[in-house]
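In case you want the letters, here they are:
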Amino acid sequence: MKRLVYTISILLISCSAFAQDLTDALRYSNYHISGTARSAAMGNAFGALGGDFSSLSINPAGVAVYRSGEFTFTPSVGKISIDGTYLGNNANDSKYNVSIDNLGYVTTISTGENSETGLVSLSFGLGFNRLGSFSMSMLAEGANSNHSILDYFTKNVNNPVINSDDLDPYYERLAWDTYLLNYDDQNQEYFNDITDNGYGQSQRKTTDRRGYINEYLVSFGANFNHKFYVGGTLGIHDIYFKENANLYEWDEKNKIPYFNELNFNTYLKTTGNGFNLKLGFIYKPINN
């Protein structure tokens, strides 16, 4: 009689500290500055131009280009759509995002009446720019698979063979406790029913990500002769990332003995703060 193996659900919560891997390093260092609508329309090409609040996160000297005060507020609405192909099956998933990409205020103080030489003005900026967004949804599914997540679990416990009491409580131990992973006393190795019976199950993987990188900043700048601009920004980075992933495998054709379905969930949440100090310069050799 076929034995039903019901849902495995896991919530990955770790209280111990661990180092970042390569994926984390790439994810949190790859900035896509959203900033103001004007900056986004010009591809954030404000490193040498200045005069826009987004430039405070790119080249702080941009704050010194301002001739007067400005308040900026930039909401955004976007859609991210992802197409995927798995086992010959096409799938699509999308997510709408509503966010505030920029909020800031700049004020400029002239140092002398109608002064055009020497120190012309001082500028001060305060606010935040969004440096990155992680929001997206992904879906991949297909039928008649020739591999399973149980292959990964079985390989881990057989290389070398370990005692069942030492199984990873977040991975292999879950499969062991629900009879998805078994032990062969005669051959002294672990096995799973999907591999032994030739696969053929259907699979679906869904991933939902949310998060952002924001830079809260304070900037100062000075304008000399309307030719040389110098500025500095003290920035505080706020990082938030959350990922929910679900892998579902089921015997749609009802041909794998001792197996019905499994559901493997993972949850990851990362938060962090940091600070930076940026200095920048802009020089205009000619008026044009």
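Up top is the structure.
Here's what I pulled together on the structure shown here. (Residues numbered from 1 in each chain as written. Predicted model: local features only at pLDDT ≥ 70, side-chain atom pairs only at ≥ 80, totals over all residues. Heavy atoms only, no water.)

**Here we look at the nonpolar core**
With 17 residues, the main nonpolar core has Leu 150, Leu 262 and Phe 264 as its most contacted residues. At the level of elements, helix 3 (149-158), helix 4 (172-177) and strand 9 (261-283) are the ones that each hand at least two residues to this core. It is helix 3 that provides the largest number of residues to this core, a total of four residues. Among the nonpolar cores identified, the runner-up in size contains seven residues, and Tyr 28, Leu 131, Ile 213 and Ile 239 belong to it. (Core = buried A, V, L, I, M, F, W, Y, C linked by side-chain atoms within 4.5 Å. Buried < 20%, exposed > 50% of the residue type's maximum accessible area, 1.4 Å probe, protein only. Helix = DSSP H or I, 4+ residues; strand = E, 2+ residues; numbered from the N terminus.)

**Considering the environment of Ala 91**
Tracing the chain through its elements places Ala 91 in strand 2 (residues 89-110). A residue is classified by how much of its surface remains accessible, and Ala 91, at 8% relative accessible area, is buried. Sequence separation between Ala 91 and Met 138 is 47 residues; the distance between their C-alpha atoms is 8.9 Å. For Ala 91, the contacting residues outside a window of four places in its chain are Ile 82, Asp 83, Gly 84 and Leu 139. (Contact = heavy atoms within 4.5 Å.)

**With respect to the pattern of salt bridges**
Inspection of every chain in the model, using the stated rule, returns eight salt bridges. For the salt bridge of Lys 278 with Glu 215, the shortest nitrogen-to-oxygen distance reads 2.6 Å. Within this pair, whereas Lys 278 is found in strand 9, its partner Glu 215 is found in strand 7 (residues 202-224), the two being separated by 63 residues in sequence. Taken as a pair, Lys 278 and Glu 215 share a single burial class, namely buried. Salt bridges linked by common partners bring Lys 95, Asp 208 and Arg 210 together as one network. (Salt bridge = Lys/Arg side-chain N within 4 Å of Asp/Glu carboxyl O.)

**A short note on the environment of Asn 163**
Relative to the assigned elements, Asn 163 resides in the loop between helix 3 and helix 4. The spatial distance from the C-alpha of Asn 163 to the C-alpha of Ala 48 is 62 Å, given a sequence separation of 115 residues. Engagement of the side chain of Asn 163 in a polar contact is seen with the backbone nitrogen of Asp 165, the distance being 2.8 Å. (Polar contact = N/O pair within 3.5 Å; in protein donor to acceptor, adjacent residues only side chain to side chain.)

**Structural notes on the pairing of strand 2**
Two elements, strand 1 (residues 70-86) and strand 2, share 17 bridges in a ladder whose sense is antiparallel. Its bridge partner lying in strand 2, Ser 76 is registered against Ser 99. Connecting strand 1 to the next strand, strand 2, in antiparallel fashion are two residues, including Leu 87 with a positive phi near 55 degrees. The sheet contact formed by strand 2 and strand 3 (residues 119-133) spans nine bridges and is antiparallel. If you follow Gly 104 over to strand 3, its bridge partner there is Gly 127. (Pairing = 2+ DSSP bridges.)

**A short note on the pairing of strand 8 (residues 228-250)**
For a regular strand, the rule is simple: side chains alternate between the two faces of the sheet. Here 23 bridges tie strand 7 to strand 8, and the two strands are oriented antiparallel to one another. The residue of strand 8 that forms the bridge with Phe 220 is Gly 232. If you look at the hairpin formed by strand 7 and strand 8, you'll find three residues sitting between the two strands, and Asn 225 has a positive phi there, around 60 degrees. Summarising the sheet, strand 8 and strand 9 pair through 23 bridges and their orientation is antiparallel.

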